[in-house]
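Take a look at the letters that make up each chain.
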Amino acid sequence: MPSQSNLGTAVRAMEKFLAFGPLWLVLFLLLATYANDYLLAWLTLMAPQDTGVGFVDNNPATWYIGICMILVSATLKANWFLAWLDVFITCRIRDRKWTPPGDPSTKRIMQADHSMWASASLGGRCAYEPGRRPRRCPSGCTFDLTDRVYHCTRMDRCLPLYDHYCAYIQSSVYLRTVKPYCFILVFLPLDVVYSFAVSLTAICHPSTRWTAPFVASIISASILVLLVALANTFDGLRRLVWDNSLTPERGEALRTIAFKYQDDSGFYLRLYEFFNCNPWHLGPRENFRQVFGQHWWMWPFFWWQPERVSRYGTYEDCDLPYAEVVRLKYTNSAAPRMTGVAIDPPAPSAARGGPSRNRQPTSSTSDIELGSILNPRGIRQRTQGHSSSHDQDL
């Protein structure tokens, strides 16, 4: 078996290799475009001349083959390269000072820290602090955490629906970058396979006399194949799209959810635990729509964000849609004990550490009819309470 030192050396070598991910991506883009699209598709097939590359043929059908090759290549490259730029700009510039949405205390169902059980009485009842969320960041962020917010140590900030820091695109994968990141996971491998096949065909053709550009394209494509393999592309798609789960939530067998309510003696939280259950799993079909959009015409465009991005923190009862298991838990266990559901007035922004990107509509009503609580569009679900830091080379 390999020694601990050898494993450490291998891990460090892989980290250094992934650190040059943007360089490998740009090299592959330039070399594959030059060899396959310019030399082969354009100069050889669409405008045949004696360039030394080969494939010289005056058959008009080759023009259509060349234009199809350019269109396919451009479609594949545009979808992953522009998505990468969108992820990088959003993570590094647009969301560099992200804070949770306003009025975090007005949610009826909230993700809570597991440590809340230490102060809870028998049955999971604990005191409610007006204007506060039952989650804190263990890494020192000054604001309370809304649902599914976790700390990214590489970027040194908390992010909503944070999954991991992707080394080879030098960006974090979270709420606003999940959809374009999935485009990278799909279209980059397709482009690599396509470019590899075209370059290999050009090299193997007997009339090809200048093989160096195609060899370079194959080498860069091979590096990207290794990069994609190390990134666990298919595992990432399954986790984010099919299961609607996040890396910080993996390995957490217990998820603590808090229901806020009002009885004759005041406002309280009632804690519940969900064992080996993802409170946000809405089924494969709805999970897909949570990532790519509710309507099919939104799916082909990486910049067209789904509803949960614009409505995060502004749903009536929660920050994000919850699974059926949470609604049933509320209906069967929590609701019969409650006389009302509390909606607090908005807490001052300064108490939560600064202004928010999104402002949530508030309600002046303190007691809400139970029928509105059980509305499937109003109830959402939360995962384990503590904020954890997860950096992963993906």
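Look up a bit, the structure's there.
Described in the following lines is the structure provided in the data block. The structure displayed is predicted, hence computed values, not measured ones.

## What about empty space enclosed by the protein?
To find leftover empty space, one rolls a probe the size of a water molecule over the atoms. Inspection of the entire model under this criterion finds two cavities of 30 Å³ or more. One number sums up the size of the second largest cavity: a volume of about 30 Å³. What lines the second largest cavity is Leu-161, Val-178, Leu-240, Asn-244, Leu-246 and Arg-308. Grouping the constituent residues of the lining of the second largest cavity by class yields four nonpolar, one polar and one charged.

## Details of the environment of Arg-136
Locating Arg-136 in the fold gives a position in the loop between β2 (125-127) and β3 (149-152). Taking relative accessible area as the criterion, Arg-136 reaches 30% and is therefore assigned partly exposed. As a C-alpha pair, Arg-136 and Val-149 span 13 residues in sequence and 9.9 Å in three-dimensional space.

## Here we look at the pairing of strand β4 (residues 157-160)
The side chains of a regular strand alternate between both faces of the sheet. Neither face of β4 is exposed, since Arg-157 and Leu-159 on one face and Cys-158 and Pro-160 on the opposite face are all buried. Relative to β4, β3 runs antiparallel, the two being bridged by four bridges. The residue bridging His-151 from the neighbouring strand is Cys-158, located in β4. The antiparallel hairpin formed by β3 and β4 contains four residues in its connecting segment, where Asp-156 sits at a positive phi of about 55°.

## A few points about unusual backbone geometry
Comment: phi is negative for the bulk of residues other than glycine, and the bulk of peptide bonds are trans. The backbone phi angle of Leu-161 is positive, close to 50°, even though this residue is not glycine. Structurally, Leu-161 is set in the loop between β4 and β5 (164-166). Even without glycine at this site, Asn-244 takes up a positive phi of about 55°. Position of Asn-244 among the secondary structure elements: in the loop between α6 (233-242) and β7 (254-263).

## Describing the nonpolar core
Leu-25, Trp-80, Tyr-168, Ile-169, Ile-184 and Leu-188 are the most contacted members of the largest nonpolar core, which totals 78 residues. The greatest single-element share of this core, amounting to twelve residues, is contributed by helix α4 (residues 178-204). Apart from residues lying up to four places away in sequence, Leu-188 is in contact with Leu-25, Trp-80, Tyr-168, Phe-183, Leu-224 and Val-228. Counting nine residues, the second-largest nonpolar core is a separate cluster that includes Met-110, Cys-126, Leu-269 and Leu-271.

## Structural notes on the environment of Leu-30
Inspection of the secondary structure assignment puts Leu-30 in helix α2 (residues 21-46). Put simply, Leu-30 and Ser-220 are 190 residues apart on the chain and 9.7 Å apart in space, counted from C-alpha to C-alpha.

## Considerations on a nonpolar patch on the surface
On the surface, a nonpolar cluster with roughly 700 Å² of combined accessible area is contributed by Trp-296, Trp-297, Trp-299, Phe-301, Trp-303 and Trp-304. Take Trp-303: it is sitting in the loop between α7 (284-292) and α8 (307-311). Judged by its relative accessible area of 54%, Trp-303 is exposed.

## Describing the pairing of β7
Along β7, nine of the ten residues are buried, which leaves the element largely enclosed by surrounding structure. The pairing of strand β1 (residues 109-111) with β7 spans three bridges and is classified as antiparallel. Looking at the pairing, Gln-111 lines up with Ile-257 of β7. Where β7 hands over to strand β8 (residues 266-275), the hairpin turn is made up of two residues, counted between the paired strands.

## As for the side chain of Arg-255
Within the secondary structure, Arg-255 sits in strand β7. For Arg-255, the side chain forms a polar contact with the main-chain oxygen of Glu-249, separated by 3.0 Å.

## Here's the deal with the sheet that holds β2
The antiparallel open sheet is built from four strands, whose spatial order is β1-β7-β8-β2. Both outer strands of the open sheet, β1 and β2, are each paired with one neighbouring strand and no more. Taking each pair of neighbouring strands and ignoring which way they run, the sheet shows an average axis angle of 35°. With three bridges joining them, β2 and β8 adopt antiparallel strand pairing. Note on β8: the bridge partner recorded for Ala-127 is Tyr-268.

## Some remarks on the packing of aromatic side chains
Counted according to the given criterion, the structure contains 18 aromatic pairs. With centroids separated by 5.2 Å and ring planes inclined at 45°, the aromatic side chains of Phe-301 and Trp-303 adopt a geometry described as tilted. A residue is classified by how much of its surface remains accessible, and Phe-301, at 31% relative accessible area, is partly exposed. Linked through ring pairs, Phe-183, Phe-187, Phe-288, Phe-292, Trp-299, Phe-301, Phe-302, Trp-303 and Trp-304 together constitute an aromatic cluster. Between the NZ or CZ atom of Arg-125 and the centre of the ring of Tyr-268, over which it lies, the distance is 3.5 Å. The aromatic ring of Tyr-150 is capped on one face by Arg-135, whose charged end is 5.3 Å from the ring centroid.

## Topic: the packing of helix α3 (residues 61-94) against α4
Two numbers describe how α3 lies on α4: the axes approach to 8 Å, and their chain directions differ by 145°. Like other packed secondary-structure pairs, α3 and α4 cross with a definite hand, here left-handed. Contacts from Met-69, Val-72, Ser-73, Leu-76, Lys-77, Asn-79, Trp-80, Ala-83, Trp-84, Asp-86 and Val-87 of α3 reach α4 at Pro-180, Tyr-181, Phe-183, Ile-184, Phe-187, Leu-188, Leu-190, Asp-191, Tyr-194, Ser-195 and Val-198. Among the residues making up the contact of α3 with α4, the classes are represented as 16 nonpolar, three polar and three charged.

The rules behind each value
- Residues numbered from 1 in each chain as written.
- Predicted model: local features only at pLDDT ≥ 70, side-chain atom pairs only at ≥ 80, totals over all residues.
- Heavy atoms only, no water.
- 1 Å grid on protein atoms, 1.4 Å probe; cavity = no way out; pocket = protein on both sides within 12 Å on 5 of 7 lines; lining within 4 Å.
- Points joined across faces, edges and corners; volume = space filled by probe spheres on them.
- Nonpolar A, V, L, I, M, F, W, Y, C, P; charged D, E, K, R; others polar.
- Helix = DSSP H or I, 4+ residues; strand = E, 2+ residues; numbered from the N terminus.
- Buried < 20%, exposed > 50% of the residue type's maximum accessible area, 1.4 Å probe, protein only.
- Pairing = 2+ DSSP bridges.
- Core = buried A, V, L, I, M, F, W, Y, C linked by side-chain atoms within 4.5 Å.
- Contact = heavy atoms within 4.5 Å.
- Patch = residues over 30% accessible without salt bridge, like charges linked within 9 Å, V, L, I, M, F, W, Y side chains within 5 Å.
- Areas by Shrake-Rupley, 256 points an atom, 1.4 Å probe, with all protein chains shown as cover.
- Salt bridge = Lys/Arg side-chain N within 4 Å of Asp/Glu carboxyl O.
- Polar contact = N/O pair within 3.5 Å; in protein donor to acceptor, adjacent residues only side chain to side chain.
- Axes fitted to C-alpha atoms, helices over the stretch in contact; angles between N-to-C directions.
- Phe/Tyr/Trp six-rings, centres within 6.5 Å; stacked < 30°, edge-to-face > 60°.
- Lys NZ or Arg CZ within 6 Å of the ring centre and 35° of its normal.
- Left-handed = near helix turned anticlockwise from the far one by under 90°.

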